[in-house]
Amino acid sequence: MKKICLQSNIIYGPIASRRLGNSLGINLLPTEFKLCSLDCTYCQYGYTQHKVFDRIPSDYVPAMKLVVKEVEHALKQYIASETKLDYLTFAGNGEPTLHPNFPELVSAIVELRDKYLPDVKTAILSNASRVSDASIRAALMRLDKRFMKLDAGDGKTFKEINNPHEKVSYSSLVKALSSMRPLILQTMLVDGCACNSDDDHIDLLIDQYKKIQPIAIQIYSLDREPANASLVKVPQERLLAISRRIERETAIPVDIF
Ligand code: SF4
């Protein structure tokens, strides 16, 4: 398995994505290091050097004005090139909702989309750590699609797999996700030094899926070199068995990536 490099710009791609088609990435985070509220054992960027939750130093992230300018420039280029774009996706080098101006940036970028390419959808890949904040939740709900991370069915496993910042509360996170329909949940399943893929852990995850009621669940296992090299990839046959069980017990469609 290979390591993945950090994005070196605000705008990256477009990436041909199975989930989103032709997707242009928006990175609201630093280009020199990962900035995240979690420190997932499996992170493809390695361990989190800057684990933060709020009060982010303004020099850590690109200024709002600059992000808006770059997005506008990229959208104008797409109009000129007539290349088909399906999604504008907030993702990048960590957790996008950590940007201190995240709600304002969502508003500005949705406006730009409406002005230049109204057929293009907006999406986010988020670790869900800040959904307890009503302003973050409201901003997330302005996007067309929300892919939210949930790797653990209980607080203990959440700590083992995701190593959250001390201010992130697992129970508040689940409660907030339950009020954010529609959304898609993404679950990374791992084994080895930390495990969330045996039957007991899947029982707990199923309980949370039932509470949150996502419109779909995406499960996957390691594809890149994880931060903790002692983690083990869950075999495809096991992912298949897990997906069938979740579908049977929740009636929610499950995709394996
Ligand atoms: S949430 Fe994503 S970027 Fe942050 S540590 Fe986990 S895998 Fe890495």
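In the nomenclature of an unreviewed UniProt entry, the protein is known as Radical SAM protein of Candidatus Auribacter fodinae. The Cofactor (unreviewed entry) field of the UniProt record for the protein holds the comment "[4Fe-4S] cluster".

> So what about helix H3 (residues 134-141)? Which residues, and what values?
Within H3, burial applies to Ile-136, Ala-139 and Leu-140. Buried residues of H3, viewed axially, fall in a sector of 100°; they line one side. Contact partners of the buried residues in H3: helix H2 (102-116), strand S6 (121-126) and strand S7 (145-149).

> So what's going on with the environment of Ser-23? Which residues, and what values?
The residue Ser-23 is located in strand S2 (residues 21-27) in this model. Separated by 63 residues in sequence, Ser-23 and Asp-86 place their C-alpha atoms 5.8 Å apart. Residues contacting Ser-23, with those up to four places away along its chain left out, are Pro-14, Ile-15, Leu-85, Tyr-87 and Thr-89.

> Lay out empty space enclosed by the protein in plain terms, naming residues and giving numbers.
Under the defined criterion, the tally for this structure stands at one cavity of 30 Å³ or more. In this model, the largest cavity occupies a volume close to 50 Å³. By residue class, the composition of the lining of the largest cavity is five nonpolar, two polar and two charged.

> Would you mind going over the pairing of S7 in detail, with residue names and values included?
Across the five residues that make up S7, a large majority, four, are buried. Inspection of the sheet shows S6 paired to S7 by four bridges, in the parallel sense. Pairing of Ile-124 across the sheet is with Arg-146, part of S7. For the crossover that starts at S6, traverses H3 and ends in the parallel S7, the hand is right-handed. As paired strands, S7 and strand S8 (residues 184-188) are joined by three bridges and run parallel to one another. Bridge pairing in S8 links Lys-149 to Gln-186.

> Outline the layout of surface pockets, listing residues and values.
By volume, the largest pocket amounts to about 1,300 Å³. In terms of lining residues, the largest pocket is bounded by 43 residues, among which Arg-19, Gln-44, Leu-125, Gln-186 and Tyr-220 are the most central. Its residues placed into classes, the lining of the largest pocket shows 20 nonpolar, 14 polar and nine charged.

> Give me the site of the ligand: which residues, what numbers.
Taken together, the neighbourhood of the ligand is formed by Lys-34, Cys-36, Leu-38, Asp-39, Cys-40, Tyr-42, Cys-43, Thr-48, Gly-94, Asn-127 and Lys-149. Taken atom by atom, the bulk of the ligand overlaps the largest pocket. Class assignment for the residues of the shell around the ligand results in five nonpolar, three polar and three charged.

> Got a sec to walk through the nonpolar core? Specific residues and values, please.
In this structure, Ile-26, Leu-150 and Leu-177 are the most contacted members of the largest nonpolar core, which totals 72 residues. Among the elements that line this core, the one with the most residues is H2, at eight residues. Beyond its immediate chain neighbours, meaning those up to four positions away, Leu-177 contacts Ala-128, Val-131, Met-148, Leu-150, Leu-183, Leu-185 and Ile-212. Core analysis: the second largest hydrophobic core is formed by seven residues, Phe-33, Leu-35, Val-61 and Leu-98 among them.

> Run through the packing of helix H1 (residues 64-81) against H2, naming residues and quoting values.
Two numbers describe how H1 lies on H2: the axes approach to 10 Å, and their chain directions differ by 20°. Regarding the angle of H1 to H2, the classification is roughly parallel. The two elements H1 and H2 cross, and the hand of that crossing is right-handed. Residues Met-64, Val-67, Val-68, Val-71, Glu-72, Leu-75, Lys-76 and Ile-79 of H1 lie in contact with H2, whose contacting residues are Glu-104, Leu-105, Ala-108, Ile-109, Leu-112, Arg-113, Lys-115 and Tyr-116. Here the residues of the contact of H1 with H2 are counted per class, giving 11 nonpolar, no polar and five charged.

> Just give me the short version of the sheet that holds strand S1 (residues 11-17), but keep the residues and values in it.
Here we have eight strands laid out as an open sheet, ordered S1-S2-S5-S6-S7-S8-S10-S12, and mixed in their pairing. Bordering the open sheet on either side are S1 and strand S12 (254-256), each of which pairs with just one other strand. Direction aside, the axes of adjacent strands within the sheet are offset by 25° on average. On the sheet, H2 packs against S2, strand S5 (87-91) and S6 and is oriented at approximately 165° with respect to S5. The sheet strands contacting helix H7 (residues 236-250) are strand S10 (216-220) and S12, and the helix crosses S12 at an angle near 170°.

The rules behind the values
- Residues numbered from 1 in each chain as written.
- Predicted model: local features only at pLDDT ≥ 70, side-chain atom pairs only at ≥ 80, totals over all residues.
- Heavy atoms only, no water.
- UniProt positions renumbered as here; feature names shortened; annotations may be inferred.
- Buried < 20%, exposed > 50% of the residue type's maximum accessible area, 1.4 Å probe, protein only.
- Helix = DSSP H or I, 4+ residues; strand = E, 2+ residues; numbered from the N terminus.
- Arc of directions from axis to C-beta.
- Contact = heavy atoms within 4.5 Å.
- 1 Å grid on protein atoms, 1.4 Å probe; cavity = no way out; pocket = protein on both sides within 12 Å on 5 of 7 lines; lining within 4 Å.
- Points joined across faces, edges and corners; volume = space filled by probe spheres on them.
- Nonpolar A, V, L, I, M, F, W, Y, C, P; charged D, E, K, R; others polar.
- Pairing = 2+ DSSP bridges.
- Right-handed = clockwise from strand over helix to strand, strands pointing away.
- Near = heavy atom within 4 Å.
- Sits in = over half its atoms within 2 Å of the grid points.
- Core = buried A, V, L, I, M, F, W, Y, C linked by side-chain atoms within 4.5 Å.
- Axes fitted to C-alpha atoms, helices over the stretch in contact; angles between N-to-C directions.
- Parallel < 35°, antiparallel > 145°, perpendicular 65-115°, else oblique.
- Left-handed = near helix turned anticlockwise from the far one by under 90°.

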